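Structure assessment
Residues per chain, in single letters:
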Amino acid sequence: MFFDHIEMAPADPILGLTDAYKNDTNPNKINLGVGVYQNEDGITPVLDCVKQAEKKLLDTETSKSYLPITGLPEYGRLVQELVFGPNSDIIANKRAVTCHCPGGTGALRIGADFLKQQQVVKRVWISDPTWANHYQIATVAGLKYERYPYYDKTTHGLAFDAMMACLEQAEEGDAVLFHACCHNPTGIDPTVEQWEQIADLLNRKHLLPFMDFAYQGFGHGIEEDAQGVRIIASRCPEMLIASSFSKNLGLYNERVGALTIVSATAEAAATVLSQLKIAVRTAISNPPAHGEKIVTTVLSDPQLRARWEEELTEMCTRIREMRVLLAAKLKAAGAGDFDFVVEQNGMFSFSGLEKAQVERLKKEFGIYIVGSGRICVAGINHRNIDTLVNAIATVIKD
């Protein structure tokens, strides 16, 4: 037998949580584990701008033939403008190349494969904590990884000094993976001044930045959320950026992402692109088209672009309102000071709840939170927040 030695793999910590939630018969159950935006009605909506773009595509599309290996050139240009700004010297000097990948995860994997295949780096530094898949992607791509501290449990903030001290141990030629904004799972981001110090360290030690940019627009705005990437790009001549449109355009199941690689010169960028095409070709041959065409249509049409920015602001505002309300209600319920939740960014909050408390929330109240205490704030609404607050207050006080 070929397969009889294979052992059962453990369930994915987040997707497995969703399965348990679905099987729970508690009528008041709440799922705050999975990282998807939900509106006030608990629905992950299709954005109006996306609906309009799809209608436009339905009326004008003439072929379902393959896309180029790296996707539509227009898509790549629009992605670069979002990341670097439309007037960026990087774009003008053709120092960046972009390929469409299946979601942000696909972009991370293609990027990791490229680094390994081209022997660019052997080791990547990853924040602790981080999105658990980061470690797995590095491992299966054949890269070694180290962890750098990120979260300060005492202050519920960024462990900046410890992070910088740790990264001083990185060796020239190592890569460092950062969350560009809305850090998953903590929701804690560096300030502009801290990004500048990070960029200076990367430049001085000749480290390669690899930015996971999954939540552009979900923190403080499209431009504001790009500050970290742009600061690093201004000091480091080479870097990788993995972008995603799953969250900010609600295209979760369309798998629309992009890998952008910045080189020191246009000539080096062209060489990188030639090898990047091989990495894509051997992994997925060429990318899925529908989601990419939606993004291209929305971003290139002034009216649809404006509508997208409105809808993105609405999503971001609702999440922030839930943060403020959650902190206020928890304080009123005697659960303690949760003001740090308001200072965090994006869909996630590192709540500070202990693993035993998280387990009690699940067993006694049907409230599903990742074991680390990470809460998807986007899953909170005015109908379920009191149930959530009372449950959290109970497990904290007991």
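Residues numbered from 1 in each chain as written. Predicted model: local features only at pLDDT ≥ 70, side-chain atom pairs only at ≥ 80, totals over all residues. Heavy atoms only, no water.

Named according to an unreviewed UniProt entry, the chain is Aminotransferase originating from Candidatus Anaerobiospirillum merdipullorum. On record in UniProt, under Subunit (unreviewed entry), the comment for the chain is "Homodimer." Quoted verbatim from the Sequence similarities (unreviewed entry) field of the UniProt record, the comment on the chain reads "Belongs to the class-I pyridoxal-phosphate-dependent aminotransferase family." (UniProt positions renumbered as here; feature names shortened; annotations may be inferred.)

In terms of helices and strands, the chain carries 15 helices and 13 strands. For the chain, whose C-alpha radius of gyration is 21 Å, the value lies close to the compact-globule estimate of 21 Å for 398 residues. Counting only C-alpha atoms, the chain reaches 65 × 60 × 55 Å along its principal axes. Of the contacts formed within the chain by residues at least 6 apart in sequence, a portion of 74% connects residues at least 24 apart. Across the chain, 39 positive and 49 negative side-chain charges occur, with their mean positions spaced 4 Å apart. (Helix = DSSP H or I, 4+ residues; strand = E, 2+ residues; numbered from the N terminus. Rg over C-alpha atoms; globule rule 2.2 N^0.38 Å. Contact = heavy atoms within 4.5 Å. Lys, Arg positive; Asp, Glu negative; His and termini not counted. Charge placed at Lys NZ, Arg CZ, Asp CG, Glu CD.)

A few words now on the pairing of strand S3 (residues 123-128). Where burial is concerned, most of S3 is hidden: five out of the six residues are buried. Note: S3 against strand S4 (residues 144-149), six bridges, orientation parallel. Bridging across to S4, Asp 128 finds its partner in Pro 149. In this view, the connection linking S3 to its parallel neighbour S4 by way of helix H6 (residues 133-140) has right-handed handedness. Relative to strand S7 (residues 175-179), S3 runs parallel, the two being bridged by two bridges. Along S7, the bridge assignment pairs Trp 125 with Val 176. (Buried < 20%, exposed > 50% of the residue type's maximum accessible area, 1.4 Å probe, protein only. Pairing = 2+ DSSP bridges. Right-handed = clockwise from strand over helix to strand, strands pointing away.)

Further remarks concern the sheet that holds strand S9 (residues 239-244). Sheet architecture is open: seven strands sit in the order S2-S10-S9-S8-S7-S3-S4, paired in mixed fashion. If you trace the sheet from one side to the other, it starts and ends with strand S2 (96-102) and S4, each paired once. Strand-to-strand, the axes of this sheet are offset by a mean angle of 20°, without reference to chain direction. Each of S2, strand S8 (208-213), S9 and strand S10 (256-262) is contacted by helix H3 (residues 73-84), which is oriented at about 70° to S10, the strand it contacts most. (Axes fitted to C-alpha atoms, helices over the stretch in contact; angles between N-to-C directions.)

On to the environment of Asn 345, then. Mapped onto the elements, Asn 345 comes out in the loop between helix H13 (340-343) and strand S11 (348-350). Remark: the alpha-carbon pair of Asn 345 and Ile 188, spanning 157 residues in sequence, is separated by 6.2 Å. Residues in contact with Asn 345, not counting those within four places in the same chain, are Cys 182, Gly 187, Asp 189, Gly 219, His 220, Arg 320 and Arg 323. Engagement of the side chain of Asn 345 in a polar contact is seen with the side chain of Asp 189, the distance being 3.1 Å. (Polar contact = N/O pair within 3.5 Å; in protein donor to acceptor, adjacent residues only side chain to side chain.)

With that out of the way, let us pick up the packing of aromatic side chains. Per the stated rule, a full pass over the model turns up nine aromatic pairs. Ring centres of Tyr 215 and Phe 348 lie 6.0 Å apart, and the angle between their planes is 90°; this geometry places the pair in the edge-to-face category. Separated by 133 residues along the polypeptide, Tyr 215 in the loop between S8 and helix H9 (227-235) and Phe 348 in strand S11 bring together distant segments of the chain. Residues Tyr 215 and Phe 348 agree in their burial class; the two are buried. A connected cluster of aromatic rings, assembled from ring pairs, spans Tyr 148, Phe 178 and Trp 195. Over the aromatic face of Phe 348 sits the side chain of Arg 374, whose NZ or CZ is 3.9 Å from the ring centroid. (Phe/Tyr/Trp six-rings, centres within 6.5 Å; stacked < 30°, edge-to-face > 60°. Lys NZ or Arg CZ within 6 Å of the ring centre and 35° of its normal.)

So, on to the packing of helix H7 (residues 160-167) against helix H8 (residues 192-205). The N-to-C vectors of H7 and H8 enclose an angle of 5°; their axes lie 11 Å apart at closest approach. When the interaxial angle is binned, H7 and H8 end up roughly parallel. In this structure, H7 contributes Phe 160, Met 163, Met 164 and Leu 167 to the contact, and H8 contributes Gln 194, Gln 197, Ile 198, Leu 201 and Lys 205. Partitioning the contact of H7 with H8 into residue classes produces six nonpolar, two polar and one charged. (Parallel < 35°, antiparallel > 145°, perpendicular 65-115°, else oblique. Nonpolar A, V, L, I, M, F, W, Y, C, P; charged D, E, K, R; others polar.)

Take the packing of H3 against helix H11 (residues 290-300) next. Two elements in contact, H3 and H11, have axes whose closest approach is 10 Å; the angle formed by their N-to-C orientations is 60°. With respect to their mutual orientation, H3 and H11 come out oblique. Here the hand of the crossing between H3 and H11 comes out left-handed. Of the residues in H11, those in contact with Glu 74, Tyr 75, Leu 78 and Leu 82 of H3 are Glu 292, Val 295, Thr 296, Leu 299 and Ser 300. Class assignment for the residues of the contact of H3 with H11 results in five nonpolar, two polar and two charged. (Left-handed = near helix turned anticlockwise from the far one by under 90°.)

So, about the nonpolar core. Core analysis: the biggest nonpolar cluster contains 100 residues, and Phe 84, Phe 245, Leu 249 and Trp 308 have the highest contact counts within it. Residue contributions to this core peak at nine residues, all from helix H12 (residues 302-332). Residues in contact with Phe 84, not counting those within four places in the same chain, are Ile 90, Ile 91, Ala 96, Val 229, Arg 230, Ala 233, Ile 241, Thr 260 and Val 262. Core analysis: the next-biggest nonpolar cluster, separate from the first, contains 30 residues, Ala 112, Tyr 135, Ile 137 and Leu 208 among them. (Core = buried A, V, L, I, M, F, W, Y, C linked by side-chain atoms within 4.5 Å.)

Let us now look at a nonpolar patch on the surface. On the surface, Phe 2, Phe 3 and Ile 6 cluster together into a nonpolar patch covering about 430 Å² of accessible area. Among the secondary structure elements, Phe 2 is positioned in the segment before helix H1 (15-23). (Patch = residues over 30% accessible without salt bridge, like charges linked within 9 Å, V, L, I, M, F, W, Y side chains within 5 Å. Areas by Shrake-Rupley, 256 points an atom, 1.4 Å probe, with all protein chains shown as cover. Salt bridge = Lys/Arg side-chain N within 4 Å of Asp/Glu carboxyl O.)

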